[in-house]
Amino acid sequence: MSLHAARFLPDNAYTRALRGAVPVPTGGKDKLAFQTLMVFCMVTCMVTINWLLHASDITWAAYAQALYEYPLTFAAAFCVRLFVANPIVARVAPAVVSSSLSGFKRTVAMTAVNVVSMVTFMTFFGVLISNGPAGFTWLAYVEGLPVSLALAFFVNLLAVGPFVKIAYAYAVKPGLARTREKLGEARTAARSLVPSALADKGE
């Protein structure tokens, strides 16, 4: 989809997310919540797609035996996101993504940087968890990497990325704000009760 073609798309939440017009958090606890949701959704999609592509027995019973891959992959992906990919993206993105890029082109560029930084490491983990330590080979890693990169790029760009941006902006962020407000009210109420309790004891 070119930038010219994007101008003729309907102006809705999905197309605004593709153009980068849906705001996302850039720091603090809000960024952590956003990235947690992004990692969860990407892991769910990628583990499911990889299982469908590589499983020899596509039945509910066989799928149930592979469910352990979801929490293990999420834990690994979350650690890679925080401690490996985030520092890489912070250093690489300003160098390879021109500041003049905007809209859909910038979304594509940033998606590519993020996907490469994650998938390069997560493909290693995927081959390891699928084949076991004894069955791991670098050949399997090299063969699986291009497919994983392509799948993750399009899943992130066209599905997970827009969904998470919309869900965060219109549901998660307001929910977090309400939760913080309620917690603040509860703390204020608790602090106001302390003097009253001390006064009662003094009496």
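Treat the numbers as computed from the prediction; the structure is a model and nothing was measured.

(A) Looking closely at the pattern of salt bridges. For the structure shown, the criterion picks out three salt bridges. One connected set of salt bridges, linked through shared partners, spans D11, R16 and R19.

(B) Representation of the confidence of the model for the chain. Looking at the chain, pLDDT values average 89 and 91% of them are 70 or higher. The least confident element of the chain is helix α1 (residues 3-6), whose mean pLDDT is 49; the most confident is helix α5 (residues 69-96), at 96. Predicted confidence for residues 1-5 stays below pLDDT 50, and this span has six contacts to residues more than four positions away or in other chains.

(C) Up close: the packing of aromatic side chains. Inspection of every chain in the model, using the stated rule, returns twelve aromatic pairs. Here the aromatic rings of Y63 and Y70 are separated by 6.2 Å at their centres, their planes lie at 75°, and the arrangement is edge-to-face. Pairing F124 with W138 gives two aromatic rings, centres 5.7 Å apart and planes at 40°, and the pair type is tilted. You can see F124 sitting in helix α6 (residues 103-135) and its partner W138 sitting in helix α7 (residues 138-202), a full 14 residues away along the chain.

(D) Examining the environment of F74 more closely. Position of F74 relative to the elements: it lies in helix α5. We classify F74 as partly exposed; its relative accessible area is 25%. Setting aside chain neighbours within four positions, we find F74 in contact with T36, V39, F40 and V43.

(E) Structural context of a nonpolar patch on the surface. A cluster of nonpolar side chains, namely I88, V92, V96 and F121, defines an oily patch on the protein surface of about 300 Å² accessible area. When residues in the nonpolar patch are grouped by element, the largest group, three residues, is from α5. With respect to the helices, strands and loops of the structure, I88 is situated in helix α5. Classification of I88 by relative accessible area gives partly exposed; the value is 30%.

What counts as what
Residues numbered from 1 in each chain as written. Predicted model: local features only at pLDDT ≥ 70, side-chain atom pairs only at ≥ 80, totals over all residues. Heavy atoms only, no water. Salt bridge = Lys/Arg side-chain N within 4 Å of Asp/Glu carboxyl O. pLDDT = per-residue confidence, 0-100. Helix = DSSP H or I, 4+ residues; strand = E, 2+ residues; numbered from the N terminus. Contact = heavy atoms within 4.5 Å. Phe/Tyr/Trp six-rings, centres within 6.5 Å; stacked < 30°, edge-to-face > 60°. Buried < 20%, exposed > 50% of the residue type's maximum accessible area, 1.4 Å probe, protein only. Patch = residues over 30% accessible without salt bridge, like charges linked within 9 Å, V, L, I, M, F, W, Y side chains within 5 Å. Areas by Shrake-Rupley, 256 points an atom, 1.4 Å probe, with all protein chains shown as cover.

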